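# Coordinates in review
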Amino acid sequence: MNTVHLKLRSFTLLFGKGRALSVAPLPAFARCDFRFHQTVFQFFRTMATYNHPGTGQPLGLKKAKQKEPLRRVKTKENRSKRVDLHGPSTVYVQVVGAGSRDNAASLYVFSEYNRYLFNCGEGTQRLMQEHKLKATQLDNIFLTRLSWQNVGGLSGMILTLKDTGVPECVLSGPPQLENYLNAIKSFSGPLEDIKLSVRPYTEEAYTDNTMTVYQVPIFAQLRGDGRKLSPKSDRSSPPPRPPSPRIDDIHANSHGDGSPGERRNATRDPSLVVSFICKLHPKKGNFLVPQAKELGLPVGTAAIGPLITALKDGKSVTYEGKEIRPEQVCTPTDPGPVFIIVECPSEEFVEAVCTNRQLRRYQTGGAEDPAVLVVHMTPESVLETDQYKKWMERFPSTTEHLILNEHVCTVHNIRSHKIQAQLNMIHPEIFPELEAYKAKEPQAALHIPNVRAECLLKFQLRPVMEWQREAIPSCNTEEFVKEASEVPNFLEEVDECRKICSTDAAELSGQREKYPEVVFMGTGSALPMKIRNVSGTLVNISPCQSILLDCGEGTFGQLCRHYGDGVDDVLSKISTVFISHMHADHHTGLLMLLYQRQRALAALGKAFSPVYLVGPAQIMNWLGQYHDYCEEILDHINFIPNRFLHDGAETPKQKTKSFIQALLKKNDLQKFQTCTVRHCKNAFACSFTHQSGWKLAFSGDTMPCDAFVHIGKNATLLIHEATLEDGLEEEAVEKRHSTTSQAIGIGMRMNAEFIMLNHFSQRYAKIPLFSEDFTDRVGISFDHMRIRFGDFKILPRLIPALKTLFAEEIGEMEERRERRELRHSRGGFSDVNSEPKTADVSRAAKRDQEEAATHNVETKRLKMS
């Protein structure tokens, strides 16, 4: 049976046990030349503490190692002085992702000393940013299983922790996490500023100032072929892969009844999950001053200190000949409650979970005090099994049970719903209301009380053990609409907009075809934020075929929220994915999309077929390593390197040539072209021409580029990045992006019929600044915006209503621009946190601060690669 050692070790010793990972040097193409033009006094905090001297480095000099924030250094010093472990006063477990299909299960654990994260699926950091769950002290992340469902957001989280000054982070769980970390270095850029290490389940228990965490490895009883799990058992993970022509020996490792503590080979291992037993340190009782005074103790004098210490340590004291016992003047010691986190992803794991000796110790009749909380990351198919039900019932009635799976009923991304509800007032078809995916299998009938997870639901362990629902966000569409209705002149602009649009629609009657249809899934840059997700654009070519242009983290979640119960049908129609380049905000949503597409095809009873993946050759390095060490993925794709779709490209091998021909035929395309663009090495744009004559051009990330003008000539629709506002041309060159006017200029040179601006800096969360170059051929994109070619005349008519809705934000951005231009004219440095001139100083200053913090992280992320 599985065992764990219950030996306590100091935080320092255990932290050193994690094996530090070597980090490859930054490749030449990822290094940028910085101009020394920003002040070193930019210091802001939003989601975390940002300690970023915004100073660029002179050409040719190596960037100095970032100093650790002084506050964090002092906190560590204070912690190290604690020689005995007095448990924390405040501890709670909080749901981040409730396990819904669009937001995988994840938990945030808070104490005044530490922060922890259990699992980090796609969208986790977006939720933490939106709901202000700070990552300042998040230096331990625990992973229950090496599946994309659990680690899909981990690469982005690591980059954010690095950019916000967290000096080190330890990942606990499957030993294959080391291979995962090595794999992400193929696209993450340099990670020298954060020390990363892995604490596998074979290591000793981990102890810090808050609690001791024991890792409990659990191995499933796999089927005779030792390959995969029952598809109906785990609705949150990919079903079995399709038949493969290759022979894998990955699963040749024995999973017999060997010693549970022995190390498994660090190769792909779908049979392993890790449970976590978390025991808070005991907390000494409180000293009762009134009772102490009654007993004649010298309260308020220097003599009371040693007496309090002894009494709280459980020792009796004698004062003036009288014996004072601890229970007379102190509340009882809190022995330290235990909570357990268990993932049982399929029926193949049920036997191993339910018979595990370490978990049994915390049930009724066990050797330890029973667990006060058990978190079940468990699908309904497992909860329905008699064995799992009986296992849950073996915990005493005082144990609380929290269930995270697709049966939850909760809205996570409130700000996304809010802005969509308000945009829907302007044009319901272009800005459709968001939907929710509802699980189809029936909910398990459990015989014990249990709580279904909701976003931000808390279980407080100290000071008082209780459920707390106050933080659960409300998603009230009526309130969102009411708030927009109170914006001055907005309803009048909406009425005017609708009149004009209805007139235009009448004129275009019969011309507004349903296809092609373009749906913007993510329109922000660098990292996911509460309003704009990162890059992803779905082009529905026909009722049965779609192409996805870039696939940043959380793209599948966006599809879920856009299409609701129809998401499987949409996924099944995606035949082609184009990845422009290897920056994380453009491709780290790909694996979830592929796994969920496979699930969708199975659910619909359709035959599986791989997608055509058009991307830089370097993406195969990442996918290959993930396939070899984590989960199978390569059978989901037919890969076409971008370079073979260039004008004048070298002749590809027959296999690639056949993929290109099949891609064109599948999507009814005459031509699919790519070109290298002016961004990072191996960055590409694309254009494709349909057999009916329309043409779409997509820029990816780039500065103005002549080669892109060439392949996009006479495009019906140009989708071009406009990361920065006019006036920031110098910054655009530094980051190798385009400004608004530069993007419009490319469209004019291209003779594009219509230009949609995209990929805005996250400092323009709601709306970008408009330039003088805006014409009736230009529109701006929003997440969940849906357009057809027949809408080109309508889109510019929406701008007055948009400007009115976001007038306050536009006003603040214009003030910042004026202050920046004034400082530049005086030859001064930029200080985005200077006091605004508006009446509402505190509110505007807060927005300036948040914008600056976002800007700092985004700047690091963009410069990094």
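Our structure's up above, just so we're on the same page.
Residues numbered from 1 in each chain as written. Predicted model: local features only at pLDDT ≥ 70, side-chain atom pairs only at ≥ 80, totals over all residues. Heavy atoms only, no water.

### As for the overall build of the chain
Inclusion rule: A run of H or I in DSSP counts as a helix once it spans at least four residues, and a run of E counts as a strand once it spans at least two, with each numbered from the N terminus. Think of it in three bands: with a 1.4 Å probe and only protein chains considered, a residue is buried below 20% of the maximum accessible area for its type, exposed above 50%, and partly exposed in between. In this description, contact between two residues means that some pair of their heavy atoms is separated by no more than 4.5 Å. Using a 1.4 Å probe, the Shrake-Rupley method yields the accessible areas, and only the shown protein chains count as cover for residues.
Within the chain, the secondary structure is distributed over 28 helices and 31 strands. Scored against the burial criterion, the 865 residues of the chain give a buried share of 61%. Sequence separation of at least 24 residues holds for 73% of the intrachain contacts in the chain that already meet a minimum separation of 6. Carbon and sulfur atoms make up 51% of the accessible area of the chain, which amounts to about 33700 Å² in all.

### Quick look at the packing of helix α14 (residues 414-424) against helix α15 (residues 477-485)
To be explicit about the condition: Geometry is summarised by axes, namely lines fitted to C-alpha atoms with helices restricted to the contacting stretch, and by angles between N-to-C directions that run from 0 to 180 degrees. For classification purposes, an angle smaller than 35 degrees is called roughly parallel, one larger than 145 roughly antiparallel, one from 65 to 115 roughly perpendicular, and anything else oblique. By convention, the crossing between two helices is left-handed when the near helix turns anticlockwise from the far helix through less than a right angle, and right-handed when the turn is clockwise. Residue classes follow a fixed rule: Ala, Val, Leu, Ile, Met, Phe, Trp, Tyr, Cys and Pro count as nonpolar, while Asp, Glu, Lys and Arg count as charged, and any other residue, Gly among them, counts as polar.
One can describe the packing of α14 onto α15 by two numbers: an axis separation of 9 Å at closest approach and a directional angle of 55°. On the basis of their axis angle, the class for α14 and α15 is oblique. Remark: the crossing between α14 and α15 carries right-handed chirality. Contacts between α14 and α15 pair Ile-414, His-417, Lys-418, Ala-421 and Gln-422 from the former with Thr-477, Phe-480, Val-481, Glu-483 and Ala-484 from the latter. When grouped by side-chain class, the residues that make up the contact of α14 with α15 number 5 nonpolar, 3 polar and 2 charged.

### Brief notes about the pairing of strand β23 (residues 611-615)
Worth spelling out the cut-off: The criterion for strand pairing is that DSSP finds at least two bridges linking the strands in question.
Among the 5 residues of β23, 5 are classified as buried, and the element is accordingly described as predominantly covered. Burial along β23 is two-sided: Val-611, Leu-613 and Gly-615 and Tyr-612 and Val-614, pointing in opposite directions, are all buried. Bridging between strand β22 (residues 574-578) and β23 involves 3 bridges; their strand directions are parallel. Paired with Phe-578 across the strands is Val-614, a residue of β23. Strand direction decides the pairing type here: β23 and strand β24 (residues 637-641), joined by 5 bridges, are parallel. Bridging from a neighbouring strand, Val-611 pairs with Ile-637 of β24.

### Concerning the pairing of strand β20 (residues 536-542)
Within β20, 7 of the 7 residues are buried, which leaves it mostly tucked inside the rest of the structure. The pairing of strand β19 (residues 517-522) with β20 spans 5 bridges and is classified as antiparallel. Considered in β20, the bridge of Phe-520 is made with Thr-537. In textbook terms, the turn of a hairpin is the stretch between consecutive antiparallel strands, and for β20 and strand β21 (residues 545-551) this stretch comprises 2 residues.

### Comments concerning the packing of aromatic side chains
The test is simple: Under the pairing criterion, centres of Phe, Tyr and Trp rings, with the six-membered ring standing for Trp, must be within 6.5 Å; the plane angle then separates stacked pairs below 30 degrees from edge-to-face pairs above 60, leaving the rest tilted. Both a distance and an angle decide whether a charge sits over a ring: NZ of Lys or CZ of Arg must be within 6 Å of the ring centre and within 35 degrees of the ring normal.
Counted according to the given criterion, the structure contains 25 aromatic pairs. With 6.3 Å between their ring centres and 65° between their planes, Tyr-612 and Phe-659 make a pair best called edge-to-face. Taken together, the residues Tyr-612 in strand β23 and Phe-659 in helix α22 (residues 654-666) connect sequence positions 47 residues apart. Assigned by exposure class, Tyr-612 and Phe-659 land together as buried. Put simply, the rings of Phe-578, Phe-672, Phe-688, Trp-694, Phe-698, Phe-754, Phe-789 and Phe-792 pair up and form one aromatic cluster. For Arg-101, the ring lying beneath its charged end belongs to Tyr-437, and the centroid distance is 4.8 Å. Positioned over the ring face of Phe-608 is Arg-597, at 5.9 Å from the centre of the ring.

### Some details on the side chain of Arg-452
Under the convention used in this document: A 3.5 Å cut-off defines polar contacts: any pair of N or O atoms within that distance qualifies, except that in protein one atom must be a possible hydrogen donor and the other a possible acceptor, and neighbouring residues in sequence count only when both atoms are side-chain atoms.
By the element assignment, Arg-452 lies in strand β16 (residues 451-452). Taking relative accessible area as the criterion, Arg-452 reaches 16% and is therefore assigned buried. At 2.4 Å, the side chain of Arg-452 forms a polar contact with the side chain of Glu-380. The residues touching Arg-452, leaving out its near neighbours within four places in the chain, are Glu-380, Leu-383, Leu-402, Ile-403, Asn-405, His-407, Gln-443, Ala-444 and Leu-457.

### As for the sheet that holds strand β25 (residues 669-676)
Overall, mixed pairing links the 6 strands, which are arranged β25-β26-β27-β28-β29-β30 in an open sheet. Two strands close off the open sheet at either side, each with one partner strand: β25 and β30 (778-780). Averaged over neighbouring strand pairs, the angle between their axes works out to 15° when direction is ignored. One ladder, built from 4 bridges, connects strand β26 (residues 684-690) with strand β27 (residues 695-698); its direction is antiparallel. The residue of β27 that forms the bridge with Phe-688 is Leu-696. Together, β27, β28 (717-721), β29 (754-758) and β30 form the strand contacts of helix α25 (residues 740-750), whose direction differs from that of β28 by roughly 150°.

### A closer look at the sheet that holds strand β15 (residues 400-403)
One open sheet holds the 7 strands; their spatial order is β8-β9-β10-β13-β14-β15-β16, and the pairing between them is mixed. Both outer strands of the open sheet, β8 (206-207) and β16, are each paired with one neighbouring strand and no more. On top of the sheet, helix α13 (residues 386-393) reaches β13 (338-343), β14 (373-377) and β15; it is set at about 160° to β14, its chief contact.

### Some words on the side chain of Asp-269
With respect to the helices and strands, the residue Asp-269 is situated in the loop between β9 (211-219) and β10 (272-280). For Asp-269, a relative accessible area of 11% gives the class buried.

### Observations regarding the nonpolar core
Going by this rule: Residues belong to one nonpolar core when they are buried, are Ala, Val, Leu, Ile, Met, Phe, Trp, Tyr or Cys, and are joined through side-chain atoms within 4.5 Å.
In terms of nonpolar packing, the biggest core is built from 86 residues, with Phe-672 and Phe-708 touching the most fellow members. Beyond its immediate stretch of four places on either side in the chain, Phe-708 contacts Cys-675, Val-677, Ala-685, Cys-686, Ala-697, Phe-698, Ser-699, Leu-718, His-720, Ile-746 and Met-750. One finds Leu-571, Ala-584, Leu-613 and Ile-633 within the second-largest nonpolar core, a separate group that totals 72 residues.

### A closer look at the packing of helix α6 (residues 177-188) against helix α21 (residues 619-629)
Where α6 contacts α21, the axes come no closer than 8 Å and their chain directions differ by 170°. On the basis of the axis angle, α6 is roughly antiparallel to α21. Residues Asn-179, Tyr-180, Asn-182, Ala-183, Ile-184, Ser-186 and Phe-187 of α6 touch α21, and the partners they reach there are Asn-621, Trp-622, Gln-625, Tyr-626 and Tyr-629. In terms of residue class, the contact of α6 with α21 is built from 7 nonpolar, 5 polar and no charged.

### Re the pattern of salt bridges
Which entries qualify depends on this criterion: We define a salt bridge as a contact between a side-chain nitrogen of Lys or Arg and a carboxyl oxygen of Asp or Glu at a distance within 4 Å.
Summed over the entire model, instances satisfying the criterion amount to 24 salt bridges. In this structure, the salt-bridge partner of Arg-462 is Asp-334, at a minimum N-O distance of 2.8 Å. One end of the pair, Arg-462, is in strand β17 (residues 458-462); the other, Asp-334, is in the loop between α9 (326-329) and β13, and 128 residues separate them in sequence. A relative accessible area of 25% places Asp-334 in the partly exposed class. A salt bridge links Glu-380 to Arg-452; its shortest N-O distance comes to 2.4 Å. Here the residue Glu-380 occupies a position in helix α12 (residues 380-383), and Arg-452 occupies one in strand β16, the gap between them amounting to 72 residues. A relative accessible area of 2% means that Glu-380 is categorised as buried. Taken together, the salt bridges that share partners define one network made up of Glu-517, Arg-786 and Arg-788.

### Here's the deal with the environment of Asn-182
Considering the arrangement of structural elements, one finds Asn-182 in helix α6. When the C-alpha positions of Asn-182 and Trp-622 are compared, they lie 9.4 Å apart, and in sequence the two are 440 residues distant.

### Describing unusual backbone geometry
Residue Pro-463 follows Arg-462 across a cis peptide bond; omega there is 5°. Positionally, Pro-463 belongs in the loop between β17 and β18 (466-468). For the peptide bond that leads from Tyr-515 to Pro-516, omega is 0°, which places it in the cis range. Note on placement: Pro-516 falls in the loop between α16 (490-507) and β19. Its identity is not glycine, yet Ala-526 carries a phi of approximately 75°, on the positive side.

All quantities given are derived from atomic positions and should not be read as evidence of function.
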